[in-house]
Amino acid sequence: MNARHRPSGVALLLTGGVREALWAQPLIRALPGVTVFARSEAMRTLQGIPEVGRAFSFGSSAVDVWRTYRRLRAGPMSMSVVAAPSGARAALLAYFAGVPRRIGPAGPHDRWYSHGVKTARGIHPVDANREIALVAAGMTTPPPQASQPPTIQSGVPATRRMQSLLAEAGVGSLRETLVLIPGSGNWTPRAASAIWPEERFAVLANQASANAVILAGGLGDDARVRETRAGIGKPTTVIRLSELTVEEFAIVAGGSQAVVGHDGDALHVAAASGASVVALLRPHDVTPVGRSCASLTAEDLAGLPAQRVVSVLGERLKVDSDG
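Fair warning: this is a prediction, and the values are worked out from it, not measured in the lab.

A. Quick look at the sheet that holds strand 1 (residues 10–13). With parallel pairing, the six strands of this open sheet are ordered in space as 3-2-1-4-5-6. One side of each edge strand has no neighbouring strand; the edge strands of this open sheet are strand 3 (52–57) and strand 6 (115–117). Averaged over all adjacent pairs, the angle separating strand axes in this sheet is 20°, with direction ignored. Pairing analysis gives three bridges linking strand 4 (residues 79–82) to strand 5 (residues 101–105), with the strands arranged parallel. What sits directly across from serine 80, in strand 5, is arginine 102. In this fold helix 4 (residues 88–96) packs onto strand 1, strand 4 and strand 5, with an angle of close to 170° to the strand it touches most, strand 4.

B. Representation of the packing of helix 6 (residues 156–168) against helix 9 (residues 246–255). Where helix 6 meets helix 9, the axes come as close as 9 Å, and the angle between the chain directions of the two elements is 60°. Put simply, helix 6 runs oblique to helix 9. Here the hand of the crossing between helix 6 and helix 9 comes out right-handed. Judged by residue contacts, Ala158, Thr159, Arg161, Met162 and Leu166 of helix 6 engage Glu247, Glu248, Ile251 and Val252 from helix 9. Each residue belonging to the contact of helix 6 with helix 9 can be placed in one class, and the counts come to five nonpolar, one polar and three charged.

C. Broad picture of the sheet that holds strand 8 (residues 212–217). With parallel pairing, the six strands of this open sheet are ordered in space as 9-8-7-10-11-12. Each of the sheet's edge strands pairs with one partner strand only, and the pair in question is strand 9 (236–240) and strand 12 (292–297). Between one strand axis and the next, the sheet turns through 20° on average, direction left out of account. Bridge analysis of strand 7 (residues 177–181) against strand 8 gives four bridges, and the strand direction is parallel. Opposite threonine 177, over in strand 8, you have alanine 212 as the bridge partner. In the packing of helix 9 onto the sheet, contacts are made with strand 7, strand 8, strand 9 and strand 10 (258–262), and the angle to strand 7 comes to roughly 130°. Lying on the sheet, helix 11 (residues 306–322) is in contact with strand 7, strand 10, strand 11 (276–281) and strand 12; it crosses strand 12 at an angle near 160°.

D. Local environment of the packing of aromatic side chains. Within this structure, the stated rule accounts for seven aromatic pairs. With a centroid separation of 4.9 Å and 70° between ring planes, the pair formed by tyrosine 95 and tryptophan 112 is classed as edge-to-face. You can see tyrosine 95 sitting in helix 4 and its partner tryptophan 112 sitting in the loop between strand 5 and strand 6, a full 17 residues away along the chain. Between phenylalanine 96 and tryptophan 112 the ring centres are 6.0 Å apart and the planes differ by 40°, which places this aromatic pair in the tilted class. With a gap of 16 residues between them, phenylalanine 96 in helix 4 and tryptophan 112 in the loop between strand 5 and strand 6 connect regions that are remote in the sequence.

E. Representation of helix 7 (residues 198–207) within the structure. Turning to helix 7, its buried residues number three or more, namely Glu198, Phe201, Ala202, Leu204 and Ala205. Along the long axis of helix 7, the arc covered by the buried residues comes to 160°, so they all point the same way. The secondary structure elements touched by the buried residues of helix 7 are strand 7, strand 8, helix 8 (222–230), strand 10, strand 11 and helix 11.

The rules we used
Residues numbered from 1 in each chain as written. Predicted model: local features only at pLDDT ≥ 70, side-chain atom pairs only at ≥ 80, totals over all residues. Heavy atoms only, no water. Pairing = 2+ DSSP bridges. Helix = DSSP H or I, 4+ residues; strand = E, 2+ residues; numbered from the N terminus. Axes fitted to C-alpha atoms, helices over the stretch in contact; angles between N-to-C directions. Contact = heavy atoms within 4.5 Å. Parallel < 35°, antiparallel > 145°, perpendicular 65-115°, else oblique. Left-handed = near helix turned anticlockwise from the far one by under 90°. Nonpolar A, V, L, I, M, F, W, Y, C, P; charged D, E, K, R; others polar. Phe/Tyr/Trp six-rings, centres within 6.5 Å; stacked < 30°, edge-to-face > 60°. Buried < 20%, exposed > 50% of the residue type's maximum accessible area, 1.4 Å probe, protein only. Arc of directions from axis to C-beta.

Laid out in structure tokens, this is it:
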């Protein structure tokens, strides 16, 4: 992690996975020396963040929960912070571990906190975590580093590995390649949700200006990736997120012409990589935050016309090229 800060007595508990860890970056950056507890697949989102003192796996198994409890007890931790969106398990662990100061977003877990942050309710998780950071750090305005959007830093080894893998797969210029996420696009297991039809992803791929396509598949996405690929008439490469780290996918996304997909880990990694992103969302999905993001929100995502997405993608690329 190359931490530059000595570990402090502050513990940050992250529920969820990769995208939730990205949303928590403003909070991490406001707490130098913080000890972060997160799922193993989310650890790579902490790469290059100097404020991280230590990081430990915080999964859902009984062993992980017990280890986290013991570390909170033995720290010793003077403060625990639960990032938004919060989870009961994280709030309960801090409470029963006896951490004296316990901070989290106001809501159903308030009884387990010593301070529930009311201003963190009902807003984007990135903004909610900035509000929690103000309380946890005792500030009235966030430090400059906490005001930055989530970012992904990819090291030289990851860059070289992806260059080698893409060359073996016959991918030429990434700048001429469109990345599509036809499934949920997750490293972290999540419940299935309504998504845009595969045949419309294929229409988008065929009508877009890109010369080639990369299809990114997460957990449980194999069938959707196969069906999408069957309808694409351009050179197409399939990559599985389970075979890549977060920073490796960020290299693909950030180097591509654009990324189109659903609210999931991969889409938020793409936004953090600086890629041009078009998000296909339902009303309660979370908008990606990044350098160049556009969103299409529909109550019935399955009814969203392919031509509408083709048009928005073209507009996004024009804005980026003019800028």
